[in-house]
Amino acid sequence: MSLLGLDVGTTGCKAVVFDLEGNVLSSAYREYPLLHPQSGWAELDPNQVWTKIEGSIQEVANQVKADPIKALSISTQGEAFAPVDRTGRPLANTAISFDVRGEEFARWWNLKLGSKKIMEITGMPLHSMFSINRVMWLKKYHPDIYRRTWKFLCYEDLVIQKLGLPPTIDYSLAARTMAFDILKKRWSRKILSLAEVDESLLSEVLPSGAEVGRIPSKICSRLSFPSRVSVVTGGHDQPCGALGAGVKEEELATEAVGTVDCIATVFKEPHLDQKMLENNFACYPHTVSQFYISLAFNFTGGCLLRWFRDALGGEEKKEAEKTGENVYSILINKATKEPSPLYLLPHFTTTGTPYMDPNSAGAILGLSLNTSKADLIKAILEGVAFEMKHNLVLLEEAGIPVRELRAIGGGAKSKKWLQLKANIYNRPLVSLKVSEAACLGAAILAGVGIGEYSSIEEAVETVVKKKESFYPQKEKAKIYEEKFAVYKDIYPTLKELNHQIRDLSAHRVN
């Protein structure tokens, strides 16, 4: 028998089937396009997303007939939701995290309740990205759709409903709506009352790893499943990834090294104080019961290498096409071995934590006629790592220390990048045998939910396997500590100037 972990992301979905020892038996991936019908809007077509999920499931299910799938669980992006009617048909597209339509209502919440109270109830630092803001937007600007809505479904409960079961959402994903009381573990009556949104429009909430039911035989047949496949509640993608990396105790964290660089760290007692709020660190339930999780992230993580590839990496792209080697591996291997003489502020889109500043901008300092391509590549890698080190320092100041990080995602395959991060963070990083940690975390929850593992602890001990450890190199760690002291001053020094530059650019566009 086997377990299926689904991961429904912003631009694609992945289905991975694992045996009970955590070995990958089959995997499939499908992409879907982001839609931008108006400036600042970012949407997904939920019908198209479901079609891609179906295709991924069918592909892997057909490949594991000898080890039939017994249960599945779902890891998904946060915040995105779809309004559906009583037949389960989506009535509108899904607005995703960086869609701007919640900004008006984030300002309203600040006046009506205040960011401190919102943090105390929901664990979320007030921001426009959270689902409740766009529910309110829909109610105000499309009341016809709102009146016809049976449920507002995030992608976990949407998939569960599509599988023929009552729409159900877990604690970790429910928290990303900014309408969930993270201490009482239920929808917040205070938030919903002020928003004038009826609780009946939301799904039932259960802890991660709870069995929801079995998929009806007709749907099983369509998806190439065996009969009697169970569905188990999963979680938000970062908590699922943390579970899949074995992060189930304090002072451990994951670092998802991908398009966005994200550190997820866990703790037993909720942190809802001013320090968390001022640094925009959320606090919400982990997929491991009795634990909470917080995220520190930078929106321009690995995508800076993609920018370099497209803007300046023509030679490396040709080399990759000729040799078949990954272009990002080629770029990283060409970085200078020594610390770069440059400093790079990785705010090429918007910032993540702690600033959440949409008007900052990227910067490269220290350029000279002696600057080489190798220096610039190294500065990109260092700049992203410095930004995340700054977050680690602030987490520690908030009472959430991190002694070891588990690396997951595409960038975790680069030994050179992980060693650089270990030197800059002055903490060990560990790579894992299974890099698809979000899918593995979902599979763990599926196995626990149907009793194949007696506990999360047993499952993690069985399936999560370390691959390699990277420890700080003393001399380089010292040099990077000196560079970091300079790096910390770059954003506050350039903040007002960058805001002026963004304003001027916006006026030219308009």
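What counts and how
- Residues numbered from 1 in each chain as written.
- Predicted model: local features only at pLDDT ≥ 70, side-chain atom pairs only at ≥ 80, totals over all residues.
- Heavy atoms only, no water.
- Helix = DSSP H or I, 4+ residues; strand = E, 2+ residues; numbered from the N terminus.
- Rg over C-alpha atoms; globule rule 2.2 N^0.38 Å.
- Buried < 20%, exposed > 50% of the residue type's maximum accessible area, 1.4 Å probe, protein only.
- Contact = heavy atoms within 4.5 Å.
- Areas by Shrake-Rupley, 256 points an atom, 1.4 Å probe, with all protein chains shown as cover.
- Lys, Arg positive; Asp, Glu negative; His and termini not counted.
- Charge placed at Lys NZ, Arg CZ, Asp CG, Glu CD.
- 1 Å grid on protein atoms, 1.4 Å probe; cavity = no way out; pocket = protein on both sides within 12 Å on 5 of 7 lines; lining within 4 Å.
- Points joined across faces, edges and corners; volume = space filled by probe spheres on them.
- Nonpolar A, V, L, I, M, F, W, Y, C, P; charged D, E, K, R; others polar.
- Pairing = 2+ DSSP bridges.
- Axes fitted to C-alpha atoms, helices over the stretch in contact; angles between N-to-C directions.
- Salt bridge = Lys/Arg side-chain N within 4 Å of Asp/Glu carboxyl O.
- Patch = residues over 30% accessible without salt bridge, like charges linked within 9 Å, V, L, I, M, F, W, Y side chains within 5 Å.
- Parallel < 35°, antiparallel > 145°, perpendicular 65-115°, else oblique.
- Phe/Tyr/Trp six-rings, centres within 6.5 Å; stacked < 30°, edge-to-face > 60°.
- Lys NZ or Arg CZ within 6 Å of the ring centre and 35° of its normal.

Chemist: I'd love a proper account of the overall build of the chain, names of residues and values included.
Modeler: The helix and strand inventory of the chain stands at 20 helices and 23 strands. Expected size for 510 residues packed as a compact globule is a radius of gyration near 24 Å; at 22 Å, the chain falls within 12% of this value. Summarising its shape, the C-alpha atoms of the chain cover approximately 65 × 55 × 45 Å along the three principal directions. Taken across its 510 residues, the chain has 58% of its residues classed as buried. Across the chain, contacts joining residues at least 24 apart in sequence account for 73% of those joining residues at least 6 apart. On the chain, roughly 20,800 Å² of surface is accessible, and the fraction owed to carbon and sulfur atoms is 50%. Positive and negative charge centroids in the chain, built from 61 and 60 side chains respectively, lie 2 Å apart.

Chemist: Describe empty space enclosed by the protein, and please don't skip the residues or the numbers.
Modeler: Within this structure, the stated rule accounts for 4 cavities of 30 Å³ or more. What the largest cavity holds in volume is close to 110 Å³. Along the wall of the largest cavity there are 14 residues; nearest its centre are Ser131, Val135, Phe152, Thr177 and Leu202. Put simply, the parts of the chain that give the lining of the largest cavity at least two residues each are α4 (131–141) and β8 (151–154). In terms of residue count, α4 provides more of the lining of the largest cavity than any other element does, 3 residues in total. Split into classes, the residues belonging to the lining of the largest cavity amount to 10 nonpolar, 3 polar and 1 charged. Its volume calculated, the second largest cavity comes out at about 80 Å³. In terms of lining residues, the second largest cavity is bounded by Pro125, Leu126, His127, Met129, Phe130, Arg176, Asn280, Ala282, Leu295, Phe297, Thr353 and Met356. Across the lining of the second largest cavity, the residue classes tally to 8 nonpolar, 3 polar and 1 charged.

Chemist: Lay out unusual backbone geometry in plain terms, naming residues and giving numbers.
Modeler: Each neighbour pair has its own omega, and for Thr353 with Pro354 the value is 0°, a cis peptide bond. The residue Pro354 is located in the loop between β19 (343–345) and β20 (363–365) in this model. In this structure, Glu79 takes a positive phi of about 75° despite not being glycine. Note on placement: Glu79 falls in the loop between β5 (69–76) and β6 (81–84). For Met178, which is not a glycine, the phi torsion comes out positive at approximately 65°.

Chemist: I'd like a rundown of the sheet that holds strand β21 (residues 404–408), residues and numbers included.
Modeler: As summarised here, the arrangement of the 7 strands in space is β17-β18-β16-β15-β21-β22-β23, forming an open sheet in which the pairing is mixed. What marks the edges here is a single partner per strand, and that holds for β17 (284–285) and β23 (466–470). Pairing between β21 and strand β22 (residues 429–432): 3 bridges, direction parallel. Across the sheet, residue Ala407 finds its bridge partner in β22, namely Ser431. Of the strands in this sheet, β15 (252–257), β16 (261–267) and β18 (292–298) are in contact with helix α15 (residues 373–397), which crosses β18 at around 150°.

Chemist: Talk me through the pattern of salt bridges; I want residue IDs and the actual numbers.
Modeler: Scanning all chains against the criterion turns up 29 salt bridges. Arg101 is paired through a salt bridge with Asp99; the nearest N and O atoms lie 2.7 Å apart. Classification of Arg101 by relative accessible area gives buried; the value is 10%. Under the relative-accessibility criterion, Asp99 is labelled buried at 1%. With a closest N to O distance of 3.8 Å, Lys275 and Glu278 form a salt bridge. Here Lys275 pairs with Glu278, and both are found in helix α11 (residues 274–278), just 3 residues apart, close to one helical turn.

Chemist: Which residues make up a positive patch on the surface, and what are the values?
Modeler: A grouping of Lys117, Lys184, Arg186, Arg189 and Lys190 is seen on the molecular surface, where their side chains present a positively charged patch. Among the secondary structure elements, Arg186 is positioned in strand β11 (residues 186–187).

Chemist: Mind laying out the packing of helix α2 (residues 103–112) against α4, listing which residues take part and the relevant values?
Modeler: Closest axis-to-axis distance for the α2/α4 pair is 8 Å, and the angle between their directions is 110°. With respect to their mutual orientation, α2 and α4 come out roughly perpendicular. For the pair formed by α2 and α4, the contact residues are Glu104, Phe105, Ala106, Trp108 and Trp109 on the first element and Ile132, Asn133, Met136, Trp137, Lys140 and Tyr141 on the second. Partitioned by chemical class, the residues of the contact of α2 with α4 number 8 nonpolar, 1 polar and 2 charged.

Chemist: Give a description of the packing of aromatic side chains that names residues and reports values.
Modeler: Tallied over the entire structure, the rule returns 14 aromatic pairs. Each ring, one from Phe81 and one from Phe152, has its centre 5.5 Å from the other, and the planes form 80°; the classification is edge-to-face. Placement of Phe81 in strand β6 and of Phe152 in strand β8 is noted, with a sequence separation of 71 residues between them. Look at Phe81 and you get buried, because its relative accessible area is 6%. On the basis of an interplanar angle of 85° and a centroid distance of 5.9 Å, the ring pair of Phe180 and Trp187 is categorised as edge-to-face. Comparing Phe180 with Trp187, the two get one shared label, buried. Chaining the aromatic ring pairs together yields one cluster made of Phe386, Tyr480, Phe484 and Tyr487. Across the ring face of Tyr284, the terminal group of Arg176 is positioned such that the distance to the ring centre comes to 5.1 Å. Taking the ring centre of Phe484 as reference, the NZ or CZ of Lys389 above it sits at 5.3 Å.

Chemist: Got a sec to walk through the layout of surface pockets? Specific residues and values, please.
Modeler: Put simply, the second largest pocket is a space of about 280 Å³. Around the second largest pocket, the lining is made up of 15 residues, and of these Thr336, Lys337, Lys378, Lys416 and Lys476 lie nearest the centre. Taken together, the elements giving at least two residues each to the lining of the second largest pocket come down to α15, α16 (415–425) and α19 (474–487). Of all the elements, α16 adds the most residues to the lining of the second largest pocket, at 4 residues. The residue makeup of the lining of the second largest pocket, split by class, is 6 nonpolar, 4 polar and 5 charged.

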